[in-house]
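# Observations on chain architecture
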Amino acid sequence: MNQSADNEYFPKNYQHSRGVFLAGINQAAGPKSIGQWIVPGKKDNDLVVDHVYLQPTEKTETLFVLTSGIHGSETYAGAAVQAMFIKEILPKLDRCSIGIFIAHAMNPYGFKHHQRCTEAGVNLNRNFSVSGENFKRRSEVSAQMCERFIERKPVVSLKSSFLQKMTLKDSKPVFDGVTMDELIKGTSPGQFERPQDWEFGGFGPEPQTKAFTDKMAELMPKYKKIVVFDLHTGLGDRKRLHLLMDEPGKSVDAKLFAELIKPEADKEFYTFTPPEAEGFYPVHGALNSAFGELATDNQQVLALTMEYGTLGHSQEDQLIGLNSFALAHQGHFHGYANPILAEQIIRENFERSRPPGPHWEQEVIKAARGLFERVFGRLAENVNF
């Protein structure tokens with residue numbers, strides 16, 4: 001495989017990515033249904049989530065779902081992986097019993113403007129709750145930590161409030177008595193009360209969240225197995241694909257996981273990282289959790305996150321990432337002391353989602369290609385990889 005050609009899967013911007021996606025799915029063989037969900041915006045009138053449902057040709061056995069751009073600025077890699085899937089993997093599949101649903105750029109505002117959240121400041125990967133129960137959650141731990149560590153004023157320094165309070169204990173960073181793992185696990189799962197605090201999951205579903213959930217509720221009852229990959233970038237070792245899952249439950253069937261995911265045999269392509277691992281965390285209202293809520297008892301669901309590491313997973317790398325996230329969040333709500341500071345912080349925060357340079361891009365595509373070939377090789381008969 002020509003690695004330099006893999007870089008060409010990465011889009012230039014939101015509109016270019018839409019064009020590539022639509023061209024690819026229009027050329028896909030077999031029965032299909034193409035649509036779009038309009039996402040209203042105050043700044044833009046062209047925000048949509050394009051999607052396609054490729055029906056199986058004979059029977060409904062397995063539904064495969066591939067989503068990108070839940071975090072807008074991460075769509076560059078997600079859209080590239082989808083483009084590769086449509087061009088290379090899809091034509092080799094025997095679609096006798098496999099239905100495929102692909103949603104491009106779930107957060108088009110964030111993709112277009114290089115923002116992680118929606119225009120309303122909602123982290124879309126905390127916004128899924130079929131029952132609505134998540135929106136009633138209260139997190140005192142998150143509220144207390146945000147009150148201690150978020151400065152409610154314009155950014156004046158390249159050091160965030162919590163970094164300024166950092167000391168070392170047994171060679172590990174501590175922020176005003178709080179360890180880094182406690183800070184991450186206390187705030188990252190999401191909260192549903194305070195839009196200006198970290199990881200706000202919304203007061204209710206965003207338009208594309210509801211549209212996606214409704215579509216899955218329509219399609220899923222036809223199938224016995226549901227396999228989902230939600231594409232992200234950020235956490236984990238640099239240039240390494242990590243497969244993540246929510247807490248074990250209806251979103252991850254243990255038997256289906258064992259059938260399709262074999263970390264030791266597939267270690268060339270990915271690492272499986274459990275949610276309790278240091279620096280990682282389960283979340284409330286993730287897209288993957290919706291499949292567990294929608295599934296019936298006789299269905300097998302395997303909903304996983306494909307997370308491509310960007311900065312790296314060392315202690316120093318995690319500190320850099322947390323600092324960048326905190327500064328960009330503060331700047332978004334409270335502004336910056338000057339435009340030079342703003343430009344640097346916004347650029348560095350964006351690079352947490354999309355590092356510069358061709359080598360990271362090549363590793364993203366290589367890992368995704370290998371994962372899909374292994375999974376579909378185990379899932380379907382008559383594939384030709």
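Attention here is on the structure that accompanies the text. (Residues numbered from 1 in each chain as written. Predicted model: local features only at pLDDT ≥ 70, side-chain atom pairs only at ≥ 80, totals over all residues. Heavy atoms only, no water.)

## Considerations on the overall build of the protein chain
Regarding its fold elements, the protein chain presents 13 helices and eleven strands. Rg of the C-alpha trace for the protein chain: 20 Å, near the compact-globule value of 21 Å for 385 residues, within the 12% margin. Taking the principal axes of the C-alpha coordinates as reference, the protein chain spans close to 60 × 45 × 45 Å. Counting every position in the protein chain, which comprises 385 residues, the buried fraction comes to 57%. The long-range fraction of contacts in the protein chain, counting pairs at least 24 apart against all pairs at least 6 apart in sequence, stands at 81%. Here the protein chain displays about 16,200 Å² of accessible surface, and carbon together with sulfur accounts for 51% of that area. The protein chain carries 43 positive and 48 negative side-chain charges, and their two centres are separated by 2 Å. (Helix = DSSP H or I, 4+ residues; strand = E, 2+ residues; numbered from the N terminus. Rg over C-alpha atoms; globule rule 2.2 N^0.38 Å. Buried < 20%, exposed > 50% of the residue type's maximum accessible area, 1.4 Å probe, protein only. Contact = heavy atoms within 4.5 Å. Areas by Shrake-Rupley, 256 points an atom, 1.4 Å probe, with all protein chains shown as cover. Lys, Arg positive; Asp, Glu negative; His and termini not counted. Charge placed at Lys NZ, Arg CZ, Asp CG, Glu CD.)

## Focus: the nonpolar core
Within the largest apolar cluster, 84 residues are counted, with the highest numbers of intra-cluster contacts made by Phe85, Phe212, Phe229, Phe291 and Phe372. The biggest single contributor to this core is helix α13 (residues 358–379), with ten residues. (Core = buried A, V, L, I, M, F, W, Y, C linked by side-chain atoms within 4.5 Å.)

## Here we look at helix α10 (residues 287–294)
Burial analysis of α10 places six of its eight residues in the buried class, the great majority of the element. For α10, the full list of buried residues reads Leu287, Asn288, Ser289, Ala290, Phe291 and Gly292.

## Describing the side chain of glutamine 330
Along the chain, glutamine 330 turns up in helix α11 (residues 315–334). Using a relative accessible area of 4% as the deciding quantity, one classes glutamine 330 as buried. Contacts of glutamine 330, omitting those with residues within four sequence positions, involve Glu151, Lys153, Pro154, Val155 and Gly335.

## Examining the sheet that holds strand β6 (residues 172–175)
The three strands lie next to each other as β5-β6-β7, forming an open sheet whose pairing is antiparallel. Either end of the sheet is taken by a strand with one partner, and the two such strands are β5 (166–169) and β7 (178–179). Note: β6 against β7, two bridges, orientation antiparallel. Considered in β7, the bridge of valine 174 is made with threonine 179. (Pairing = 2+ DSSP bridges.)

## Brief notes about the sheet that holds strand β1 (residues 32–38)
Read from one edge to the other, the open sheet built from eight strands follows the order β1-β2-β4-β3-β8-β11-β9-β10, with strand pairing classed as mixed. Among the strands making up the open sheet, the edge pair consists of β1 and β10 (271–273). Strand-to-strand twist in this sheet, taken as the mean axis angle between neighbours without regard to direction, amounts to 20°. α13 rests against β3 (62–67), β4 (98–103), β8 (225–234), β9 (241–244) and β11 (300–309) of the sheet, and its axis sits at about 160° to β11. (Axes fitted to C-alpha atoms, helices over the stretch in contact; angles between N-to-C directions.)

## Some remarks on the pairing of β6
In regular strands, side chains alternate between the two faces of the sheet. Taken together, the four bridges between β5 and β6 define a ladder with antiparallel strand orientation. When the sheet's bridge partners are listed, methionine 166 is paired in β6 with phenylalanine 175. As consecutive antiparallel partners, β5 and β6 are separated by two residues, and within that stretch aspartate 170 has a phi angle of approximately 55°, a positive value. Linking two consecutive strands that pair antiparallel, namely β6 and β7, is a turn of two residues; a positive phi of about 50° is found at aspartate 176 within it.

## A word on helix α12 (residues 339–350)
An α-helical turn contains 3.6 residues, so any two residues separated by three or four positions project in the same direction. Taking 1.5 Å per residue, twelve residues should reach 16 Å; α12 reaches 16 Å between its end C-alpha atoms and fits that length. Taken together, the buried positions of α12 are Leu341, Ala342, Ile345, Asn349 and Phe350. Buried residues in α12, looked at end-on, bunch into an arc of 155°, giving them a common side. Those residues of α12 that are exposed and aimed more than 90 degrees away from the buried face are Pro339 and Ile340. Of the surrounding secondary structure, the elements contacted by the buried residues of α12 are α3 (75–89) and α11. A distance of 3.2 Å separates the backbone nitrogen of isoleucine 340 from a side-chain oxygen at the start of α12, and that oxygen is part of asparagine 338. (Expected span 1.5 Å × (residues − 1). Arc of directions from axis to C-beta. Polar contact = N/O pair within 3.5 Å; in protein donor to acceptor, adjacent residues only side chain to side chain.)

## Re the packing of aromatic side chains
The final tally for this structure, using the stated rule, is 21 aromatic pairs. Arranged with centres 6.2 Å apart and planes meeting at 90°, the rings of phenylalanine 64 and phenylalanine 372 form a pair that is edge-to-face. Residue phenylalanine 64 is located in strand β3, and its partner phenylalanine 372 is located in helix α13; the two are separated by 308 residues in the primary sequence. Given the relative accessible area of 0%, phenylalanine 372 is considered buried. Each member of the aromatic cluster is reached from another via a ring pair, and the members are Trp37, Phe101, Phe128, Phe212 and Phe291. (Phe/Tyr/Trp six-rings, centres within 6.5 Å; stacked < 30°, edge-to-face > 60°.)

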